[in-house]
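An overview of the molecular structure
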Amino acid sequence: MAVTEQGRAGGTTGAGRMPRTTRASAVLLAVLALVHVYWATGATWPADGERGLSLAVLGSVVSFGPAVVLPPAVLEGVAGAGVYAFGRDRRGRIPRLVTGAFAAGLLARGAVGVGWAVLGKDGAGPVFPWLNALVYTPLCLGLGWAVLRELRR
């Protein structure tokens with residue numbers, strides 16, 4: 001591994017550039033925030049309607065109205081900014097804390113997802129179990145682990 005200008009092996013991808021893991025995390029959070037804002041407009045893509053969207057994304061029927069989806073959008077936007085700031089300059093306490101909370105949240109969601117995959121989730125419909133087992137849970141566990149490793153550098 002190349003030694004970066006900060007003196008850590010693999011800490012960045014080059015002079016002044018952030019690690020791929022933190023960049024990917026910040027982009028993921030920004031995309032999630034935008035998707036939640038999109039759903040706040042009443043759009044239900046990629047599902048046929050709100051019920052189908054709710055069952056596919058959450059595994060239960062809940063509202064996807066603005067009062068429900070805008071708070072996560074704000075949280076994801078703030079978290080994305082914190083993770084981005086951590087990736088640019090690792091010295092800040094708040095960006096490190098935000099990035100740690102993001103990693104912990106991903107790992108917690110991944111652990112719950114493993115439980116749902118093994119034990120099932122009542123009323124989840126036909127789509128959620130597959131998305132949970134093949135997309136949501138592996139993504140949360142993999143990215144959570146990678147971000148945690150990045151925090152330890």
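Here, every reference points to the structure presented above.
A brief structural summary. Because the structure is a prediction, the values reported are computed rather than measured. (Residues numbered from 1 in each chain as written. Predicted model: local features only at pLDDT ≥ 70, side-chain atom pairs only at ≥ 80, totals over all residues. Heavy atoms only, no water.)

Re the overall build of the protein chain
The number of helices and strands found in the protein chain is five helices and zero strands. For the protein chain, the N- to C-terminal ordering of α and β elements is α-α-α-α-α. Every one of the 153 residues in the protein chain was classed for burial, and the buried ones make up 33%. Considering only residue pairs separated by 6 or more positions, the protein chain has 61% of its internal contacts joining residues 24 or more positions apart. Roughly 8900 Å² of accessible area belongs to the protein chain as shown, and the carbon and sulfur atoms make up 69% of that amount. (Helix = DSSP H or I, 4+ residues; strand = E, 2+ residues; numbered from the N terminus. Buried < 20%, exposed > 50% of the residue type's maximum accessible area, 1.4 Å probe, protein only. Contact = heavy atoms within 4.5 Å. Areas by Shrake-Rupley, 256 points an atom, 1.4 Å probe, with all protein chains shown as cover.)

Observations concerning the layout of surface pockets
Taken as a whole, the largest pocket encloses approximately 1100 Å³ of empty space. Only helix 1 (20-40), helix 2 (50-58), helix 3 (66-88), helix 4 (93-119) and helix 5 (128-152) provide two or more residues apiece to the lining of the largest pocket. When its residues are assigned to classes, the lining of the largest pocket shows 26 nonpolar, three polar and two charged. (1 Å grid on protein atoms, 1.4 Å probe; cavity = no way out; pocket = protein on both sides within 12 Å on 5 of 7 lines; lining within 4 Å. Points joined across faces, edges and corners; volume = space filled by probe spheres on them. Nonpolar A, V, L, I, M, F, W, Y, C, P; charged D, E, K, R; others polar.)

Re the nonpolar core
Residues Ala 26, Leu 29, Ala 79, Val 83, Phe 102, Ala 103, Leu 106, Cys 140, Leu 143 and Val 147 constitute the largest nonpolar core, which totals ten residues. Elements that contribute at least two residues to this core include exactly helix 1, helix 3, helix 4 and helix 5. Dropping the residues within four chain positions of it, Cys 140 is found in contact with Leu 106, Leu 107, Arg 109 and Gly 110. (Core = buried A, V, L, I, M, F, W, Y, C linked by side-chain atoms within 4.5 Å.)

Side note on the pattern of salt bridges
Using the criterion set out here, one finds three salt bridges in the structure. Counted as one network, the salt bridges with shared partners bring together Arg 90, Glu 150 and Arg 153. (Salt bridge = Lys/Arg side-chain N within 4 Å of Asp/Glu carboxyl O.)

Let's talk about a nonpolar patch on the surface
A cluster of nonpolar residues, Val 114, Val 118, Leu 119 and Leu 141, forms a patch on the protein surface that exposes about 390 Å² of accessible area. Within the secondary structure layout, Leu 141 lies in helix 5. (Patch = residues over 30% accessible without salt bridge, like charges linked within 9 Å, V, L, I, M, F, W, Y side chains within 5 Å.)

Quick look at the packing of aromatic side chains
Evaluated as defined, the whole model comprises three aromatic pairs. An angle of 75° between the planes, with centres 5.2 Å apart, marks the rings of Trp 39 and Phe 64 as edge-to-face. Pair noted here: Trp 39 is in helix 1 and Phe 64 is in the loop between helix 2 and helix 3, with a separation of 25 residues, a long-range link. Summarising the burial analysis for this pair, Trp 39 and Phe 64 share the class buried. (Phe/Tyr/Trp six-rings, centres within 6.5 Å; stacked < 30°, edge-to-face > 60°.)

Some points on helix 1
With 21 residues, helix 1 should reach 30 Å at 1.5 Å per residue; the first-to-last C-alpha distance of 30 Å fits that figure. Where helix 1 is buried, its residues meet helix 2, helix 3, helix 4 and helix 5. Following helix 1 by one or two positions, Gly 42 adopts a phi angle in the positive range, close to 100°. (Expected span 1.5 Å × (residues − 1).)

What to know about the side chain of Arg 90
Within the secondary structure layout, Arg 90 lies in the loop between helix 3 and helix 4. You can call Arg 90 buried: its relative accessible area is 7%. At 2.4 Å, the side chain of Arg 90 and the side chain of Glu 150 are in polar contact. (Polar contact = N/O pair within 3.5 Å; in protein donor to acceptor, adjacent residues only side chain to side chain.)

Section: helix 2
Leu 53, Ser 54, Leu 55 and Ala 56 are the residues of helix 2 that are buried. Next to the buried residues of helix 2 lie helix 1 and helix 5. Positive phi appears at Gly 59, one or two residues downstream of helix 2, with a value of about 80°.

Observations concerning the environment of Gly 92
Looking at where Gly 92 falls in the secondary structure, it is placed in the loop between helix 3 and helix 4. The exposure class of Gly 92 is partly exposed, given its relative accessible area of 24%.

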